[in-house]
Amino acid sequence: MELLLQTLLNGILMSGIYALVATGLALSLGVVGIVNFAHGEFLMMGAFLSYLLFAFRGMDPLLSLGLAFLAAFVVGALTYQGLIRPVLRAAELNQMLLTFGLSILLQNLALLLFGADTRVVAPPYQATTLSLGPFFLGVVPFGAFLLSLAILLMLQVFLTRSRFGLAMRAVSQNRLAPGLLGIEADKVYLLAFGLAAALAGVAGVMLSVMLYASPTVGFVFTLKSFAIVALAGLGNLKGVVPAALVLAMAEALVSTYLPGGGGLVEAVFFLVLFLALVGRAWRKA
Amino acid sequence: MKGFGHFPLILLSLVLFALLPFLPFGVWQAFLLDVGFFVLLFTALALSWDLVARTGQLSLAHGAFFGLGAYSAGLLAPQLGTLPALLLGALTAGAGALVLGSVTLRLHGLYFAIASLAFSEVLRTLALKLPFTGGPIGLPVPPPFAGAWPLATYYLSFGVLLLATALSLWAERSPFRLAQAATRQSEAVARVLGVRVVQVKLWSLLLGSLVAGLAGGVYGMKTLFLSPYDAFSLGRAVEALVIPIFGGLYTTLGPLVGGVVLVSLEQALRLWIKEGYLVVYGAILILVILFLPRGLVGILGRRRG
Amino acid sequence: MGKVLEAAGVSKRFLGLQALKEVTLHLEEGEILAVIGPNGAGKSTLLNLLSGLIKPDQGRILFLGQDITHLPPEARTHLGLGRAFQIVQPFPELTVRENLLVGALFGKPGTSRKEGEAWVEEVLRLTGLQSRSEALAGDLTLLEDKRLELARALATRPKVLLLDEVMAGLRPKEAEEAVALVKQIRETGVSILFIEHVMPVVRTLADRVVVLDYGEVIAEGTYQEVAQDPRVREAYLGRRA
C-alpha cells in the first residue's frame, strides 16, 4: 500500500513538468496552428543553458529559471519570425517537415557541441528529501511541481485577464478570424510561439536538475507532449493538466510494478499516443 | 504516362551502379563500394517512402519497417539461409505495415505521421525488451551466403534498389498513379469517383514496407551486427523522407538523384564527424521547404502529378 | 419507368441536431428531380447520405432495387451512382484529362485503359473541355472548374447523377449553358437529382421538385405546384421576413 501511494506521489510530482511542456505545445497548436516537432528542443536548450550557467558561473538553477524563460522566449519568437511565419499558409506537410527539420538540426547541433553524454546540474540541495510520514519527497521534484503549477496558474491569469491573452484565446477558438485581425494576429502568433518556447525552456532548467541535459532529452518530451495533447483533445488547453496527470501516473505505475519496467516507460507514452490518435479518429467517424 | 523523359537518365545511373565494382578506382575501390552500398540501400528506402507518400501518408515508421526487416532476417538467416531470411524479413515488415495501416486508415496528414512515429517507438522498445533480440547488447548477423562472395552485399543492395525503382516506375506510369494522386489530394472526392481508397493506401504502405524491410535485412548482413537504437533509429525515417523531399516528391527520378547526392555527402561527412552528421539533413530539410518546395527535380522544370 | 433511386424514412442527427427526419423520396428513371429548401434544410446532408459519405441513423437507401444503405461511396459509384460536388474539388496537381481519367478508370471496375481514354475524349467533347484537356486543374477558371466537376462525375458512366448546386456562382449566361449541358446529359439516358438555389434554373430544368425544410419533406410536385404551396411560401418567405 505504501509502495502504491509512493508511486502515485511520484507520478503526481512528475505531472507538473509534463503539463508545463505540453501546455506550450498546445499553445502553438491551438493558437498558431502549428504542430511543432521542435518544441522539445526549446526544453533541451533550457537544460543546457542551466548546465552552462551552473558549470561555468556556478549559478543556482533557481536563478537560471528567469534567464531561461527570457532566452527561450526570444529563440521561440525568432523561430516564428524566421521559419514559421513564411510557411503559415503553406501545406500542413511543409509546416510539419519544417519543424521536424529544425528539431533534427538543433538536436544534432547539440550533439556536435556537447557530445552525447548526459550532464547533471547538482546544486547542494539536489539530493535532499523530506520525509512525510512513511513517504519520501525529493525537494527538487516537489519544488519543480510547485513551480510548474505556479507558472500554469500565472498563464491562466494571463490568458483570462490580459488583452493579449484574450486575443490569444479568441484566435484559438476561431481559426478563421485571424485573417480579419491582420497585424494583431501576427503579434498574437509571435507572442504565443515565444510563450510556448519559454514554458519549455523553464521546464528544461528543472529537468537539468531532476534528470539531466542531453541532446536527445528534448525530443522525448516532444513525443510525450504529443501524447498528452492528443489525450487532452488537440489544442484544448484545459485538458492538458488532467491528461498529464493520467500519463505521469501510468508511467510511474509501470516503472514500479512491471518487471524491467524502466525501459517500458517510454512505450507507455507511445502506446497511449497511438491509441489516443487512433481512438479519436474512429470515434469521430 | 509520365516519366518517359527521365527513363534514359534512370537507366544510365542503374547501369553505372551495376558496373561500379569493375571500374578502375585503385585504392579508392573499397571506400567507393562502401559508399555505393549505402547510396543504393538508402535510395531504395527513400523510393519506398515516396511510394507511400504518394497517397498522402507521411510515414515516420520507415525506420520501424527497416528494423523489422533487419531483425527478422538477422534472426532467421542462420537457420534458413540468406535469401529466404531476407524474404521473410520483408514479409514481417509488410505485416507490421498492414497492422499500422489498417488502424490508422482514418488518420490524415500529420496525425498519421505522429501515430506512425509512436508505432515505430513502441516497436523499438519491444526490440530492446523481447527475450530473443539480444536486447540492448545487440544481435550478431552472419554475412550473406556464409561470406562466400565478397560483392554479395553490394549486389543485394543493388537488387533492392532495382526492385524499388521498378515498383516506383510502375506506380508512376500505370493508372495506380492516378489512384494515388486522387487519394492524396482528396480522399472523399476520390471515393466518390470510384477509387478504392482503402486498398490504394494499404497496397502502397505494404509495397513500401516490403522494400524497406528488404533494405533492413541487407543492412544487417552488411554491418554484421544490429542494435535496436541503430536498426529502429528514427534517423532512418528522417533520411527516408529528406531524400525524396530534397530530390523531388512523388517521382522516381527525385529520390534517385536526391539519394545519390545526400547519401554520398553523408558517407563523406561521417569520415569527419562521428555523430551529429544529421545536422546536414535538418538544415537541408529546412532550406528545401523554404526555398525549393519542389526539390531538385523541380529545378528541371518538369511538373509532377 | 421505375424508381432508380429511393430514400426510405432516412434520418440523421449531428451532435443532437436533427439534420434529416424520416425523409422519403425517389427518383424516376430518366427524370430530372430538384431538391430545394432554405439554407440548413438538410439538402447537402441528403446528398452526402445518398452518395455514401455519411451513413444514416435510420432508414434505407435503395439504388436500382438494391439496398445500398451500408455500401461505401466507391461501391455506389461502381454500381452507377455518380456525384458532382458543390464546392468544386478538382485534383489540382492533375491535368483536366487526368482528372477525368480517374473517374473513367475507377468509376467502373474492369474498364481497360483504352476504353477509359476513349470515353474521356467523349466526355471532353460533350462538356467543351477539349481545348483545356492538358491544363492543370488548379489553373482553371470558375466556369471551367464547374464543367470539370460535372465532366468528372460523368466520366464514371453513371446511371444516376447527383448534382450539388452546380450552378452556384455562375452568371446567368453561364448558367444557361450549364442547364443545356445537364439536359444533354439526360438525353444520354442518365437520371438526375440536383440541389439548387437558383430558382429560374429549377423552373427550366426540373420535371419534379421536392422541398425540404428543417430536415423534413414539406412539399412535392411540379415547379408550379410547389410554388403555390402555402407551406413552401412560408418556409421561404417567412424565414426572410
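Residues numbered from 1 in each chain as written. Chains lettered and ligands numbered in written order. Predicted model: local features only at pLDDT ≥ 70, side-chain atom pairs only at ≥ 80, totals over all residues. Heavy atoms only, no water.

**Student:** An account of the overall build of chain B is needed here, citing residue identities and associated values.
**Tutor:** The number of helices and strands found in chain B is 14 helices and 2 strands. Referenced to the eigenvectors of the C-alpha coordinate spread, the extents of chain B come out at roughly 55 × 45 × 35 Å. Each of the 305 residues in chain B was classed as buried or not, and the buried ones make up 63%. Contacts in chain B between residues at least 24 apart in sequence constitute 78% of all its contacts with a sequence separation of at least 6. Per element, the accessible surface of chain B, about 11000 Å² overall, is 74% carbon and sulfur. Each charge class in chain B was averaged separately, 19 positive and 9 negative side chains, and the resulting centres sit 11 Å apart. (Helix = DSSP H or I, 4+ residues; strand = E, 2+ residues; numbered from the N terminus. Buried < 20%, exposed > 50% of the residue type's maximum accessible area, 1.4 Å probe, protein only. Contact = heavy atoms within 4.5 Å. Areas by Shrake-Rupley, 256 points an atom, 1.4 Å probe, with all protein chains shown as cover. Lys, Arg positive; Asp, Glu negative; His and termini not counted. Charge placed at Lys NZ, Arg CZ, Asp CG, Glu CD.)

**Student:** Describe in detail the arrangement of the chains, supporting the description with residues and values.
**Tutor:** Looking across the 2 pairs of chains in contact, one finds the most contacts between chains A and B. At the C-alpha level, the nearest point of chain A lies 9 Å from chain C, with no contact between them.

**Student:** Now, about the confidence of the model for chain C: what can you tell me, with residues and values included?
**Tutor:** Residue and element names in this part refer to chain C. Scored by pLDDT, chain C has a mean of 91; 98% of the residues are at 70 or more. Mean pLDDT values over the elements of chain C span from 76, in helix H9 (residues 230-240), up to 97, in helix H2 (residues 73-79). Scoring the predicted complex yields pTM 0.90 and, for the interface, ipTM 0.92. (pLDDT = per-residue confidence, 0-100.)

**Student:** A description of the environment of leucine 40 of chain B should follow, citing residues and the corresponding values.
**Tutor:** All names here are of chain B. Its location among the elements puts leucine 40 in helix H2 (residues 29-53). Owing to a relative accessible area of 1%, leucine 40 belongs among the buried residues under this scheme. Expressed as a C-alpha distance, the spacing of leucine 40 and leucine 156, which sit 116 residues apart in the sequence, is 9.5 Å.

**Student:** Report on the sheet that holds strand E9 (residues 208-213) of chain C, specifying residues and quantitative values.
**Tutor:** Residues and elements named next belong to chain C. What the 6 strands build is an open sheet, ordered E6-E7-E8-E3-E9-E10; its pairing is mixed. The strands lining the two open edges of the sheet, one partner per strand, are strand E6 (81-84) and strand E10 (216-221). Going across the sheet, the axis of each strand differs from the next one's by a mean of 20 degrees, ignoring polarity. Both E9 and E10 contribute to a ladder of 5 bridges, which runs antiparallel. Considered in E10, the bridge of leucine 212 is made with valine 217. (Pairing = 2+ DSSP bridges. Axes fitted to C-alpha atoms, helices over the stretch in contact; angles between N-to-C directions.)

**Student:** Describe the interface of chain C and chain B, and please don't skip the residues or the numbers.
**Tutor:** Counting residues at the interface gives 27 residues for chain C and 26 residues for chain B. Both faces combined, the contact of chain C with chain B buries some 2300 Å², and carbon together with sulfur accounts for 65% of it. On the chain C side of the contact with chain B, Phe91, Glu93 and Phe106 of chain C bury the most area, a combined 27% of that side's loss. Where chain C packs against chain B, one counts 3 salt bridges. Of the charged contacts in the structure, one is a salt bridge between arginine 191 of chain B and glutamate 74 of chain C, with a shortest N-O distance of 2.8 Å. Joining chain C to chain B, the criterion identifies 8 residue pairs in polar contact (both at pLDDT 80 or more). (Buried area = accessible area lost by both parts, 1.4 Å probe. Salt bridge = Lys/Arg side-chain N within 4 Å of Asp/Glu carboxyl O. Polar contact = N/O pair within 3.5 Å; in protein donor to acceptor, adjacent residues only side chain to side chain.)

**Student:** Give me the lowdown on the packing of helix H4 (residues 92-114) of chain A against helix H11 (residues 234-247) of chain B, citing residues and values where you can.
**Tutor:** Orientation of H4 of chain A relative to H11 of chain B, taken along the N-to-C sense of each, is 125 degrees, at an axis distance of 12 Å. Compared by their axis directions, H4 of chain A and H11 of chain B come out oblique. In this structure, H4 of chain A crosses over H11 of chain B, and the sense of that crossing is left-handed. For the pair H4 of chain A and H11 of chain B, contact is made by Leu97, Phe100 and Ile104 of chain A and by Val238, Leu241 and Ile245 of chain B, respectively. Grouping the amino acids of the contact of H4 of chain A with H11 of chain B by side-chain chemistry returns 6 nonpolar, no polar and no charged. (Parallel < 35°, antiparallel > 145°, perpendicular 65-115°, else oblique. Left-handed = near helix turned anticlockwise from the far one by under 90°. Nonpolar A, V, L, I, M, F, W, Y, C, P; charged D, E, K, R; others polar.)

**Student:** Tell me about the sheet that holds strand E5 (residues 66-67) of chain C, and name the residues and values.
**Tutor:** Sheet strands pair by backbone hydrogen bonding; their relative direction is either parallel or antiparallel. All names here are of chain C. Strand order in the open sheet made by the 4 strands is E2-E1-E4-E5, with antiparallel pairing throughout. In this open sheet, the two strands that pair with only one neighbour each are strand E2 (17-28) and E5. Two strands pair when backbone bridges link them, and strand E4 (residues 58-63) and E5 are joined in this way by 2 bridges, in the antiparallel orientation. Following the sheet pairing, phenylalanine 63 is matched in E5 by glutamine 66.

**Student:** Got a sec to walk through the pairing of strand E7 (residues 160-164) of chain C? Specific residues and values, please.
**Tutor:** All names here are of chain C. For E7, the tally of buried residues reaches 5 of 5 residues, placing the bulk of the element in the interior. Along E7, one buried face is formed by Val160, Leu162 and Asp164 and the opposite face, lined by Leu161 and Leu163, is buried too. Sheet analysis places E6 next to E7, joined by 4 bridges and oriented parallel. Of the residues in E7, the one forming a bridge with alanine 84 is leucine 163. Note that E7 and strand E8 (residues 191-195) share 5 bridges and pair parallel. Within E8, the residue paired with leucine 162 across the bridge is leucine 193.

**Student:** Summarise the nonpolar core; cite the residues concerned and give the values.
**Tutor:** Core analysis: the largest hydrophobic core is formed by 248 residues, its most contacted members being Phe37 of chain A together with Phe194 of chain C. When residues in this core are grouped by element, the largest group, 16 residues, is from H2 of chain B. Phenylalanine 194 of chain C has contacts with Ile32, Leu33, Ala34, Val35, Leu163, Val201, Val202, Leu205 and Ala206 of chain C, leaving out every residue within four places of it along the chain. Counting residues in each nonpolar core, the second largest holds 26 residues, with Leu27, Val35, Val160 and Leu162 of chain C among its members. (Core = buried A, V, L, I, M, F, W, Y, C linked by side-chain atoms within 4.5 Å.)

**Student:** With reference to specific residues and values, describe the interface of chain A and chain B.
**Tutor:** Counting residues at the interface gives 39 residues for chain A and 38 residues for chain B. Together chain A and chain B conceal approximately 3500 Å² of surface at their shared face, both sides included; 85% is due to carbon and sulfur atoms. Counting every contact that joins chain A to chain B gives 0 salt bridges. Our enumeration of links across chain A and chain B arrives at 0 residue pairs in polar contact (both at pLDDT 80 or more). With 15 residues, the single largest contributor to the side of chain A that touches chain B is H4 of chain A. Of the residues that constitute the side of chain A that touches chain B, the class distribution is 32 nonpolar, 6 polar and 1 charged.

**Student:** Let's hear about helix H4 (residues 82-103) of chain B: which residues, and what values?
**Tutor:** For H4 of chain B, spanning 22 residues, the distance from its first C-alpha to its last is 32 Å, which sits close to the expected 32 Å at 1.5 Å a residue. Among the residues of H4 of chain B, those classed as buried are Thr82, Ala85, Leu86, Gly89, Ala90, Ala93, Gly94, Gly96, Ala97, Leu100 and Gly101 of chain B. (Expected span 1.5 Å × (residues − 1).)

**Student:** An account of the environment of serine 120 of chain B is needed here, citing residue identities and associated values.
**Tutor:** By the secondary structure assignment, serine 120 of chain B is in helix H5 (residues 109-129). Sequence-wise, serine 120 of chain B and arginine 270 of chain B are 150 residues apart; in three dimensions their C-alpha atoms are separated by 25 Å.

**Student:** Account for helix H4 (residues 113-127) of chain C, with residues named and values stated.
**Tutor:** All names here are of chain C. With 15 residues, H4 should reach 21 Å at 1.5 Å per residue; the first-to-last C-alpha distance of 21 Å fits that figure. Inspection of H4 places Gly116, Val120, Val123, Leu124 and Thr127 among the buried residues, and these make up the whole buried set. Looking straight down H4, one finds that the buried residues subtend no more than 100 degrees of arc, so they occupy a single side. Looking at the packing, one finds that the buried side of H4 touches helix H3 (96-107), helix H5 (142-155) and helix H6 (172-187). Looking one or two residues beyond H4, the residue adopting positive phi is glycine 128, at roughly 70 degrees. (Arc of directions from axis to C-beta.)

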